[in-house]
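# Structural overview
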Amino acid sequence: MNIKQWLQVEYLPIPLIAIMALTRFHHFGDVLHLPDASLAVFFFAGFYRKKALFAFLLLLAGLIDYVAIANGTSAWCVSPAYVFLVPTYAVMWLAGRYCSKFKSFNATELAISVGLMTLATSVAFIISNGSFYLFSGRYTDLSWAQYFARVAQYYPPYVGFAMIYGLAGYLIIKLLKSMPDLQAAHKEV
């Protein structure tokens, strides 16, 4: 299988599915586990504009969470607010879908894509954390000021890990896209 085939819609979801399956068990990661890559996975899934892939990834995320909780991971985050992960991931998917129009990956397009990914990740943070605060039932006596003070510590890793995965994804795509050019240049020598 050559690089051009891997850049096709049919094959690229496989690494996205694998990355989510490998990283979703531990949200922020630890010494032995990578942090959750789900936000970046949904962003890059948006590149391929397949609504079925979005639905599949949502079901996969729920299944992974179920298996993780059944095997001893804390169920703290599972509450009535869990359903708000759908719009959280939809924001990432739609941002990726918008960025899919940038084909050349030049500096300007890359800067716009990274900026949009950062904005989408921030909106995703607001949706997921705001809904948890409002609907989980765990913070009935917490004021908005106290809420903001508490979640401020979670915002940098939430956005930071998504951006690290996102930048790594862009780097891999850029390398894969340049490989046919490198191979052609090598044959000319």
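Residues numbered from 1 in each chain as written. Predicted model: local features only at pLDDT ≥ 70, side-chain atom pairs only at ≥ 80, totals over all residues. Heavy atoms only, no water.

### Regarding the packing of helix α3 (residues 38-45) against helix α5 (residues 85-99)
- Two numbers describe how α3 lies on α5: the axes approach to 6 Å, and their chain directions differ by 40 degrees. With respect to each other, α3 and α5 are oriented oblique. Of the two possible hands of crossing, α3 and α5 adopt the one that is right-handed. For the pair α3 and α5, contact is made by S38, L39, F42, F43 and A45 and by T88, Y89, M92, W93, A95, G96 and C99, respectively. (Axes fitted to C-alpha atoms, helices over the stretch in contact; angles between N-to-C directions. Helix = DSSP H or I, 4+ residues; strand = E, 2+ residues; numbered from the N terminus. Parallel < 35°, antiparallel > 145°, perpendicular 65-115°, else oblique. Left-handed = near helix turned anticlockwise from the far one by under 90°. Contact = heavy atoms within 4.5 Å.)

### A closer look at the packing of helix α4 (residues 51-70) against α5
- Orientation of α4 relative to α5, taken along the N-to-C sense of each, is 145 degrees, at an axis distance of 11 Å. Crossing handedness for the pair α4 and α5: right-handed. Packed against α4, whose contacting residues are K51, F54 and L58, the element α5 presents V86, Y89, A90, W93 and R97 at the interface.
- Looking at the contact of α4 with α5 residue by residue, the class counts come to six nonpolar, no polar and two charged. (Nonpolar A, V, L, I, M, F, W, Y, C, P; charged D, E, K, R; others polar.)

### A closer look at the confidence of the model for the chain
- When pLDDT is averaged across the chain, the result is 84; 84% of the residues are at 70 or more.
- Per-residue pLDDT, averaged within each element of the chain, yields its smallest value for helix α1 (residues 3-6) (47) and its largest for α5 (96).
- Confidence over residues 1-7 falls short of pLDDT 50; this stretch has 13 contacts with residues more than four positions distant or in other chains. (pLDDT = per-residue confidence, 0-100.)

### Considering the packing of aromatic side chains
- Enumeration over the complete set of coordinates arrives at 21 aromatic pairs.
- Ring plane angle 55 degrees and centroid distance 5.3 Å describe the contact between F44 and F47, whose orientation is recorded as tilted. Accessibility assignment for this pair places F44 and F47 in one class, buried.
- Clustering of aromatic rings is evident, with ring pairs tying together W76, F132, Y133, Y139, W144, Y147 and F148.
- Of note, R138 hangs over the ring of W76, and the distance from its end group to the ring centre comes to 4.4 Å. (Phe/Tyr/Trp six-rings, centres within 6.5 Å; stacked < 30°, edge-to-face > 60°. Buried < 20%, exposed > 50% of the residue type's maximum accessible area, 1.4 Å probe, protein only. Lys NZ or Arg CZ within 6 Å of the ring centre and 35° of its normal.)

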